[in-house]
Amino acid sequence: MSNNQKLPSQNTDLTVKVRKSSEKLSENIHIVANDPSLAFYRIQEHVRKVLQPILDKRIEVIELQKDLQGHCFDMEYAVRSMKDIEASGAIFSNIQDMVKNSIFLKQQLKYEEIKGKAEKLAHPCQTNRQQCCLCELCLVDCCVLSMESCYVWWRDHGKCSVSVLSAILICLV
């Protein structure tokens, strides 16, 4: 019977160990059974808290991306414009040459206008450009239309010496 006496104490010890093991096993089963739902609850709670700030940041990033694309377009346009300006150097030099040529032609026209006004005061037949015997003496071009008109012009303008005037008078006779 000595075996029997040891039995109750072993039984109690064994019962305590079995009870502890079954509680731990039950607790583990309960944790494993409820852990996914608790994890999903925690994930849902986290997403609900973080979702609005993430959306705000995403909208901000999209706006910044649009602004950045606009600035990139502006920079590309500016670079293209600068290249076009550099390429137009030949055109500007051509324009500069044309302006210089225009100024020169304007000066020539002004000179011709002044010269035309001076020719009105000049010899009456100087535009014909034929030489007469009188003009050979004083080396000035005149016409042979009328020797009297030559004489009158030379006399009035006083451009010839007395010998030329006398030569004119000899030619008139």
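Residues numbered from 1 in each chain as written. Predicted model: local features only at pLDDT ≥ 70, side-chain atom pairs only at ≥ 80, totals over all residues. Heavy atoms only, no water.

Engineer: Please provide a residue-by-residue account of the overall build of the protein, values included.
Structural biologist: Each helix and strand in the protein was counted, giving five helices and zero strands. Secondary structure of the protein in N-to-C order comes out as α-α-α-α-α. Intrachain contacts of the protein at a sequence separation of at least 6 include 33% that bridge at least 24 residues. Working note: accessible area of the protein is about 14,900 Å², and carbon and sulfur atoms make up 61% of it. (Helix = DSSP H or I, 4+ residues; strand = E, 2+ residues; numbered from the N terminus. Contact = heavy atoms within 4.5 Å. Areas by Shrake-Rupley, 256 points an atom, 1.4 Å probe, with all protein chains shown as cover.)

Engineer: Account for a nonpolar patch on the surface, with residues named and values stated.
Structural biologist: Among the surface-exposed residues, Phe40, Ile43, Val47, Leu51 and Leu55 lie close enough to one another that they form a single nonpolar patch of about 470 Å² accessible area. Checked against the element boundaries, Phe40 lands in helix α1 (residues 2-87). In this structure Phe40 comes out as exposed when scored by relative accessible area, which is 58%. (Patch = residues over 30% accessible without salt bridge, like charges linked within 9 Å, V, L, I, M, F, W, Y side chains within 5 Å. Salt bridge = Lys/Arg side-chain N within 4 Å of Asp/Glu carboxyl O. Buried < 20%, exposed > 50% of the residue type's maximum accessible area, 1.4 Å probe, protein only.)

Engineer: Run through the pattern of salt bridges, naming residues and quoting values.
Structural biologist: Overall, the coordinates contain one salt bridge when judged by the stated rule. Across the pair Glu60 and Lys57 runs a salt bridge, and its minimum N-O distance is 4.0 Å. With Glu60 and Lys57 both in helix α1 and three residues apart, the pair spans about one turn of that helix. Glu60 sits in the partly exposed class, given a relative accessible area of 39%.

Engineer: Quick rundown of the confidence of the model for the protein? Include the residues and the values.
Structural biologist: Of the residues in the protein, 62% have a pLDDT of 70 or more, and the chain-wide mean is 75. Low pLDDT, under 50, characterises residues 124-145; the stretch is placed with 44 contacts to residues that sit more than four places away or in other chains. (pLDDT = per-residue confidence, 0-100.)

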